[in-house]
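Here is what each chain is made of, one letter per residue.
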Amino acid sequence: MPSDALPRRFRPRLTPAGLCLVLGLIALAMAVVELDARLGLGPGLNALLAPGEAARALAMHFAWWPRLAMALLAGGGLALAGVLMQQVLRNPLAAPTTLGVASGANLALMAATLMAPGLLVLGREWVALAGGGGAMALVFALAWRRGLAPVVVVLGGLVVNLYFGALSMVLLLFHQEELKGLLIWGAGSLAQNGWQDVAFLAPRLALGTLAAAWLLRPLAVLELSEAGARSLGVSLKHLRLAGLGLAVFLTGCVVSVVGIIGFIGLAAPNIVRLAGARRLGTRLLWSTLLGALLLATTDLLLQHFSGVLPTLIPTGATTAALGAPLLLWLIPRLNLGGEAPSREARAIGTRHPAPGRLAAWLSLSLAGVTLVALLVGQAGDGWHWTTPGDWALLEWRLPRVLAAAGCGVMLAIAGTLIQRLTGNPMASPELLGISGGSAIALMGAIFLLPAPDNLTLVGAGTLGALASLTVVVALNRQSGFQPERLLLTGVAITALFDAVRAVVLAGGDPRGQQVIAWLSGSTYYVDLTSALTVSGAALLLALAAIPLARWLDILPLGGACAAALGLPLARARLVLLLLVALLTAGATLVVGPLSFVGLLAPHLARLLGFSRAAPHLAGAAISGALLMVVADWLGRQWLFPEEIPAGLMASLLGGAYFMWGLRRL
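This one's a predicted model, so the numbers in the text were calculated from it and none came from an experiment.

Re the overall build of the protein
Thought 1: Each helix and strand counted, the protein has 29 helices and 2 strands in total.
Thought 2: Split into buried and exposed, the 665 residues of the protein put 54% on the buried side.
Thought 3: Contacts in the protein between residues far apart in sequence, at least 24 positions, make up 78% of those at least 6 positions apart.
Thought 4: Surface accessibility of the protein: about 27800 Å² in total, with carbon and sulfur atoms responsible for 68%.

Here it is in structure tokens:
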């Protein structure tokens with residue numbers, strides 16, 4: 001027997017049961033400590049059934065015990081929904097938060113609070129169910145022509161999630177006071193003041209669990225290939241519809257009670273799969289139990305340290321903050337079953353015979369749109385054409401147009417660089433979490449540094465973007481930048497950004513209003529000096545990208561070919577990543593992290609015929625500037641005298657375009 005066989009045979013291996021046992025013991029120990037600290041172990045246990053009349057015992061009966069029960073129910077329900085989604089779509093990326101279900105429920109509740117509060121009297125759970133169901137229906141509509149193909153459904157869910165997030169930010173921006181109470185709830189709050197929410201959620205989750213058990217054998221067929229499943233007479237569309245519909249029902253019930261809880265539905269199924277649970281029934285059982293224990297342990301930990309924390313931290317934000325590093329650790333260990341993008345996938349579109357002439361036409365279009373944005377607009381007496389001599393009005397419009405165009409150029413070039421560097425057409429600063437990493441660093445600088453200037457903010461944002469890029473490259477380099485793995489990395493970093501944003505907004509700090517305005521991507525406060533700085537930086541960084549065009553033509557051929565052609569591979573990647581970080585940080589500082597321009601502009605340039613690196617960079621830069629100038633102008637005119645910030649408007653336009661494109665696939 002080889003000498004190393006014995007250690008391998010007896011190497012301890014953590015099973016799903018062992019994992020749940022360890023986590024259950026930790027949760028039990030923390031619960032005992034909390035009970036002993038609050039009321040004493042014996043009286044605390046008695047308070048569950050017979051609270052008496054003491055104030056502390058009543059608080060335990062009507063607040064602490066219902067909160068623990070709610071954590072167990074909500075965690076189990078979200079994990080069960082996550083298993084169903086991942087089984088139906090055969091994709092570990094699928095979860096309630098990544099397919100838009102949770103954001104759809106949140107948007108519906110915000111809209112009902114503002115426009116139809118009477119609906120909330122009938123039951124907010126029905127409003128949340130309608131919103132989550134509407135989001136999932138939109139995803140179904142986008143993917144129906146492709147037979148609800150898993151990759152198309154996941155991609156549609158990501159776009160819908162970002163799109164509904166942008167719509168929620170628009171409502172929040174215009175109605176901050178009315179929606180202030182929803183900020184904490186939307187971030188995932190488990191606080192309870194009685195047993196009524198537990199009594200509402202428990203029977204619905206029990207019904208969902210029974211339905212999942214009934215669908216167990218049909219859903220197990222989805223582990224076969226599509227051809228194998230059809231040979232058994234299974235209707236894949238209807239089976240997927242039933243499985244995803246049940247997942248939407250479970251998610252809507254949980255979201256309507258506790259808000260958006262991040263990462264439980266994504267992490268728990270993947271953890272039990274890695275621990276050895278392969279069969280669907282086993283994964284349903286252990287994922288549900290693990291999700292309940294994960295959320296309960298996180299909430300107990302948060303309650304234990306709540307007295308020393310400087311601000312209120314919702315549980316949902318905490319699970320996202322803790323789950324993001326966990327998912328980043330899981331990504332290299334997940335068997336996604338995909339491949340690196342093919343050469344054909346890297347070259348979408350046709351090559352235009354005269355890219356210079358096409359670039360000239362694009363530039364003329366940009367000049368015309370810029371002229372319209374400067375001279376045409378609404379005032380108190382309606383639409384009018386401003387004369388070029390009316391400097392009082394142009395002095396207000398010119399900085400906004402310049403800043404929007406400059407940010408569009410930077411995001412477009414950053415998206416083009418990262419797509420060519422990874423060889424992946426779905427890569428962009430927004431979807432890969434680079435904008436989110438930059439935003440985390442910028443929010444940290446705003447809150448931790450005394451009166452940071454613009455140079456300090458740019459430096460902090462660059463470091464955040466560079467850190468996110470480093471994580472993305474480190475986790476995806478060996479897999480050849482596989483699309484699903486890249487998107488999963490971006491989901492993790494974006495979730496961490498969402499957690500930080502939720503904590504900032506829920507804390508009630510006055511600087512939170514400044515953060516909301518900045519996150520929305522408004523150019524309202526940009527003066528002429530700042531606009532010229534942004535435009536100058538965009539021009540300089542664009543010029544810096546031109547000499548790198550040869551690298552960008554060679555890198556998609558692969559590392560071995562690039563090295564054989566004499567390309568200094570490590571140095572080339574480092575320079576390109578640093579340039580992407582600078583471009584992303586500069587644009588994020590002005591228009592926020594929510595724009596789709598970094599994803600959309602390179603695709604538009606390819607579709608127009610810009611295929612080689614240098615023309616592709618030029619076409620994307622002009623397209624990005626055009627998109628942002630149009631977004632800024634539309635945002636100023638659509639709801640006049642109210643205003644939709646340019647970053648959010650670009651998200652709405654870009655998201656609509658991508659949903660239209662997915663529908664035509």
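Quick notes on the packing of aromatic side chains
Thought 1: Counted according to the given criterion, the structure contains 1 aromatic pair.
Thought 2: With a centroid separation of 5.0 Å and 90 degrees between ring planes, the pair formed by Trp 64 and Trp 65 is classed as edge-to-face.
Thought 3: A relative accessible area of 3% places Trp 64 in the buried class.
Thought 4: Take Trp 65: its relative accessible area is 12%, and that puts it in the buried class.

Some words on the environment of Trp 64
Thought 1: Within the secondary structure, Trp 64 is located in helix α4 (residues 55–89).
Thought 2: Trp 64 sits 236 residues away from Leu 300 along the chain, and the two C-alpha atoms are 9.9 Å apart.
Thought 3: Not counting the four nearest positions on each side in its chain, Trp 64 is found in contact with Ala 31, Glu 34, Leu 35, Arg 38, Ala 59, Leu 300 and Gln 303.

Examining helix α26 (residues 569–591)
Thought 1: With 23 residues, α26 ought to run about 33 Å at 1.5 Å a step, and its terminal C-alpha atoms sit 33 Å apart, in line with that.
Thought 2: Looking at the residues trailing α26, positive phi occurs at Gly 592, about 75 degrees.

A look at the packing of helix α3 (residues 41–49) against α4
Thought 1: Running from amino to carboxyl end, α3 crosses α4 at an angle of 70 degrees, the nearest separation of the two axes being 8 Å. As judged from the angle between their axes, α3 and α4 are roughly perpendicular. Considering how the two elements wind past one another, α3 and α4 form a crossing that is right-handed. Seen from α3, the contacting residues are Gly 44, Leu 45, Ala 47, Leu 48 and Leu 49; seen from α4, they are Ala 57, Met 60, His 61 and Trp 65.
Thought 2: Across the contact of α3 with α4, the residue classes break down as 7 nonpolar, 2 polar and no charged.

Observations regarding helix α18 (residues 391–422)
Thought 1: Relative to the 46 Å expected for 32 residues at 1.5 Å per residue, α18 spans 46 Å between its end C-alpha atoms, a close match to the ideal helical length.
Thought 2: Taken as a whole, α18 carries its principal kink of about 25 degrees at Arg 397; the proline Pro 399 stands between one and four residues after it.

Observations regarding a nonpolar patch on the surface
Thought 1: A cluster of nonpolar side chains, contributed by Leu 21, Leu 25, Leu 28, Val 32, Leu 41 and Leu 45, occupies part of the molecular surface with about 540 Å² of accessible area.
Thought 2: Where the nonpolar patch is concerned, the elements lending two or more residues are α2 (16–38) and α3.
Thought 3: No other element matches the 4 residues that α2 contributes to the nonpolar patch.
Thought 4: The topology assignment puts Leu 28 in helix α2.

Looking at the pattern of salt bridges
Opposite charge on two side chains permits pairing when their charged atoms draw close.
Thought 1: Inspection of every chain in the model, using the stated rule, returns 3 salt bridges.
Thought 2: In this structure, the salt-bridge partner of Arg 67 is Asp 299, at a minimum N-O distance of 2.7 Å. Of the two residues, Arg 67 sits in helix α4 while Asp 299 sits in helix α15 (residues 280–305), which places them 232 residues apart along the sequence.
Thought 3: Overall, Arg 67 belongs to the buried group, its relative accessible area being 19%.

Points about the nonpolar core
Thought 1: Counting 164 residues, the largest nonpolar core has Met 136, Leu 290, Ile 413 and Leu 417 as its most contacted members.
Thought 2: Here this core takes 17 residues from α4, the largest share from any one element.
Thought 3: Not counting chain neighbours up to four residues away, the residues in contact with Leu 417 comprise Leu 552, Leu 576, Leu 579, Val 580, Leu 583 and Leu 617.
Thought 4: One finds Phe 263, Ala 320, Leu 488 and Ala 495 within the second-largest nonpolar core, a separate group that totals 15 residues.

Overview of the side chain of Arg 400
Thought 1: Looking at where Arg 400 falls in the secondary structure, it is placed in helix α18.
Thought 2: Given the relative accessible area of 1%, Arg 400 is considered buried.
Thought 3: Residues in contact with Arg 400, not counting those within four places in the same chain, are Thr 523, Tyr 524, Asp 632, Arg 636 and Glu 643.

Regarding the side chain of Gln 637
Thought 1: Within the secondary structure, Gln 637 is located in helix α28 (residues 613–637).
Thought 2: For Gln 637, a relative accessible area of 8% puts it in the buried group.
Thought 3: In this view, Gln 637 contacts Val 376, Gly 377, Gln 378 and Trp 383; residues no more than four positions away in its chain are not counted.

Overview of the environment of Ala 379
Thought 1: In this fold, Ala 379 is placed in strand β1 (residues 376–379).
Thought 2: As a C-alpha pair, Ala 379 and Gln 637 span 258 residues in sequence and 9.6 Å in three-dimensional space.
Thought 3: Discounting chain neighbours no more than four positions away, the residues touching Ala 379 are His 384 and Phe 640.

Rules of the game
- Residues numbered from 1 in each chain as written.
- Predicted model: local features only at pLDDT ≥ 70, side-chain atom pairs only at ≥ 80, totals over all residues.
- Heavy atoms only, no water.
- Helix = DSSP H or I, 4+ residues; strand = E, 2+ residues; numbered from the N terminus.
- Buried < 20%, exposed > 50% of the residue type's maximum accessible area, 1.4 Å probe, protein only.
- Contact = heavy atoms within 4.5 Å.
- Areas by Shrake-Rupley, 256 points an atom, 1.4 Å probe, with all protein chains shown as cover.
- Phe/Tyr/Trp six-rings, centres within 6.5 Å; stacked < 30°, edge-to-face > 60°.
- Expected span 1.5 Å × (residues − 1).
- Axes fitted to C-alpha atoms, helices over the stretch in contact; angles between N-to-C directions.
- Parallel < 35°, antiparallel > 145°, perpendicular 65-115°, else oblique.
- Left-handed = near helix turned anticlockwise from the far one by under 90°.
- Nonpolar A, V, L, I, M, F, W, Y, C, P; charged D, E, K, R; others polar.
- Bend = angle between axes of the 7 residues up to and from the residue.
- Patch = residues over 30% accessible without salt bridge, like charges linked within 9 Å, V, L, I, M, F, W, Y side chains within 5 Å.
- Salt bridge = Lys/Arg side-chain N within 4 Å of Asp/Glu carboxyl O.
- Core = buried A, V, L, I, M, F, W, Y, C linked by side-chain atoms within 4.5 Å.

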